[in-house]
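Structural features, examined
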Amino acid sequence: MPELRLHNSLTRRREAFVPLDPQHVRVYVCGPTVYDLAHLGNARPVVVFDVLVRLLRRLYPRITYVRNITDVDDKINARAAERGEPIAAITARTTADFHADMAALNALPPDEEPRATAHIPQMITLITRLIGSGHAYVAEGHVLFAVARYPDYGRLSGRSREELLAGARVDVAPYKRDPGDFVLWKPSTPDLPGWDSPWGRGRPGWHIECSAMAWTYLGESFDIHGGGQDLLFPHHENERAQSCCAFPDSAFARYWLHNGMLLIGGEKMSKSLGNFLTVRDVLATAPGEAVRLALLRTHYRATLDFSEALLGEARKDLDRWYRALERAPAAGARNDAPAPVIEALCDDVNTPLAIAAMHRLADAALSGDEAAAVALRGGGAVLGLLGQTPAAWFRGGGDDGAIEAAIAERLAARRARDYARADAIRAELAAQGVLLEDGPGGTTWRRA
């Protein structure tokens, strides 16, 4: 088994991965705040950490992968007020949309997908512990974490507290002991979501949510914590601080992985620039598999410049790889990933190097090497690619009759109020590159 090496943001160096328990590797990745459709930047960590988890499953006997849903947040409250829509309706619809879009990118569901609103008691427990140890205090109905009580604050992001405060947008409220202190619990007015607590009716701060959910499913210490570079500060810094103070003998996460940012045509994605792209926007123009490969063509730690040209190159690569599979009908096995692909991914999830290995396998397969075609299929499996037959890829995928039957089954499930089954059917079709659109005239579908 090749040695897995990962770049640890905490130490700022590449390290050999040594799990706490070689029989059970535990991973936590920050998931979406469900108030709107996922954009391409949201999709990048999902795809990156999906590849990491697929790799880990080939190296270790058991993996627990947790990715949360943030369904209590001021952005959600603002969207509900803006649209005059119940919060529960917004979060349910947006969660279903997120699942469908990620399935279209062939991202496997996590082992656990906790929702923040289902873990309020655990958050209250953590906050109570922090108050008891002097790491948090109550002020005017708020509970705040006292950053000055944690000497290691700033280690993860590699900056001093002064640098962090200078670069952060902090709410310097009069009840704070220190400008950098952050909210663990805040009061809720009657029109906002709230839960009873020892400090009055209120709702959690963002950071405590992930600490509570990671603790619930992975324990006080676990192996890997992942997310986008934009979460390094303040979210991950604050998560680490409050978790290490709540459990002083723990390490919380031992390896921190952060993917780089995403640009569109060389510019930061922005609605004002007109280059803001949701996953749904891109799936309207290209198959999900091509979008996924485009996201993997750049190393996860580097900035990714997403463009039509990049997407076109990904489609050409997939055309070529599927042609290689077409030359070798026996290439049905998908479990044994070839050593060059595994070795590349063990080098800090080096997907560009893995893709280069896939091209070499395709060259051999196109020259008639059936073993290379089988290996190509196996390499695709660990990258989350080449899951279709060549015929399905080249005709756009799927059987129209089967799609219509699935839509009818989904309609029946919705009429029976079996919304979980209805959402599952939608996600299954999305994974096949079939997107559903519900409208006044019923449900229509199109290929991604």
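Residues numbered from 1 in each chain as written. Predicted model: local features only at pLDDT ≥ 70, side-chain atom pairs only at ≥ 80, totals over all residues. Heavy atoms only, no water.

**Side note on the sheet that holds strand S3 (residues 25–29)**
- Read across the open sheet, the 4 strands follow the order S4-S3-S9-S10; overall the sheet is parallel. Strands at the two margins of the open sheet, each flanked by one partner only, are strand S4 (63–67) and strand S10 (252–259). On average, each strand axis in the sheet is inclined to that of its neighbour by 20 degrees, with strand direction left out of account.
- The pairing of strand S9 (residues 221–228) with S10 spans 7 bridges and is classified as parallel. When the bridges of S10 are listed, Ile224 appears paired with Tyr255. (Pairing = 2+ DSSP bridges. Helix = DSSP H or I, 4+ residues; strand = E, 2+ residues; numbered from the N terminus. Axes fitted to C-alpha atoms, helices over the stretch in contact; angles between N-to-C directions.)

**Brief notes about the packing of aromatic side chains**
- Here the structure, examined in full by the defined rule, presents 8 aromatic pairs.
- On the numbers, 5.3 Å between centres and 45 degrees between planes, the contact of Trp215 with Phe247 is tilted. Of the two residues, Trp215 is situated in helix H6 (residues 206–218) and Phe247 in the loop between helix H7 (232–246) and S10; the sequence distance between them amounts to 32 residues.
- Accessibility expressed as a relative area gives 25% for Trp215, which makes it partly exposed.
- The side chain of Arg177 reaches across the aromatic face of Tyr137, ending 4.0 Å from its centre.
- Sitting over the ring of Phe394, Arg323 keeps its end group 3.8 Å from the ring centre. (Phe/Tyr/Trp six-rings, centres within 6.5 Å; stacked < 30°, edge-to-face > 60°. Buried < 20%, exposed > 50% of the residue type's maximum accessible area, 1.4 Å probe, protein only. Lys NZ or Arg CZ within 6 Å of the ring centre and 35° of its normal.)

**Quick word on the sheet that holds strand S13 (residues 304–306)**
- Read from one edge to the other, the open sheet built from 3 strands follows the order S12-S11-S13, with strand pairing classed as mixed. Each having just a single partner strand, strand S12 (267–268) and S13 make up the two edges of the open sheet.
- With 2 bridges connecting them, strand S11 (residues 262–264) and S12 associate as antiparallel partners. Its bridge partner being in S12, Ile264 is matched across the sheet by Glu267.

**Describing the packing of helix H4 (residues 120–132) against H6**
- At a minimum axis distance of 9 Å, the contact between H4 and H6 shows a crossing angle of 105 degrees. Put simply, H4 runs roughly perpendicular to H6. The residues of H6 that touch H4, namely those facing Gln122, Met123, Thr125, Leu126, Ile127 and Leu130, are Ile208, Glu209, Ser211, Ala212, Trp215 and Thr216.
- The residue inventory of the contact of H4 with H6, partitioned by class, reads 7 nonpolar, 4 polar and 1 charged. (Parallel < 35°, antiparallel > 145°, perpendicular 65-115°, else oblique. Contact = heavy atoms within 4.5 Å. Nonpolar A, V, L, I, M, F, W, Y, C, P; charged D, E, K, R; others polar.)

**Section: unusual backbone geometry**
- Omega for the peptide link from Phe233 to Pro234 comes to 5 degrees, which places this bond in the cis form.
- Within the secondary structure layout, Pro234 lies in helix H7.
- Residue Glu140 is not a glycine yet carries a positive backbone phi of 50 degrees.
- By secondary structure assignment, the location of Glu140 is in the loop between strand S5 (136–139) and strand S6 (142–145).
- Within the chain, Asp348 stands out as a residue other than glycine whose phi angle is a positive 55 degrees.
- Relative to the helices and strands, Asp348 resides in the loop between helix H11 (339–346) and helix H12 (351–366).

**Structural notes on the pattern of salt bridges**
- Under the definition given, this model contains 29 salt bridges.
- One salt bridge connects Glu15 with Arg13, and the closest N-O pair in it is separated by 3.6 Å.
- You can call Glu15 buried: its relative accessible area is 14%.
- As a salt-bridge pair, Lys186 and Asp74 come within 3.1 Å of each other at their nearest N and O atoms. Residue Lys186 is found in strand S7 (residues 182–187), and its partner Asp74 is found in helix H2 (residues 74–83); the two are separated by 112 residues along the sequence.
- Connected through shared salt-bridge partners, Asp97, Asp101, Arg280, Arg410, Arg414, Arg426 and Asp438 make up one network. (Salt bridge = Lys/Arg side-chain N within 4 Å of Asp/Glu carboxyl O.)

**A look at the state of the cysteines**
- Taken as a whole and judged by the stated rule, the model has 0 disulfides.
- Note on Cys30: no disulfide assigned, nearest cysteine sulfur contributed by Cys210 at a separation of 3.9 Å.
- Residue Cys30 is classed as buried on the basis of its relative accessible area, which comes to 11%. (Disulfide = S-S within 2.5 Å.)

**Digging into the environment of Val374**
- With respect to the element layout, Val374 can be found in helix H13 (residues 370–383).
- Using a relative accessible area of 27% as the deciding quantity, one classes Val374 as partly exposed.
- For the pair formed by Val374 and Arg414, sequence separation is 40 residues and the distance between their alpha carbons is 41 Å.

**Structural notes on H11**
- Looking only at H11, the buried set comprises Val341, Ile342, Ala344, Leu345 and Cys346.
- Buried residues along H11 sit in contact with strand S1 (5–8), helix H1 (40–59), H12 and H13.
- At the exit of H11 stands Asp348, carrying a positive phi of roughly 55 degrees.

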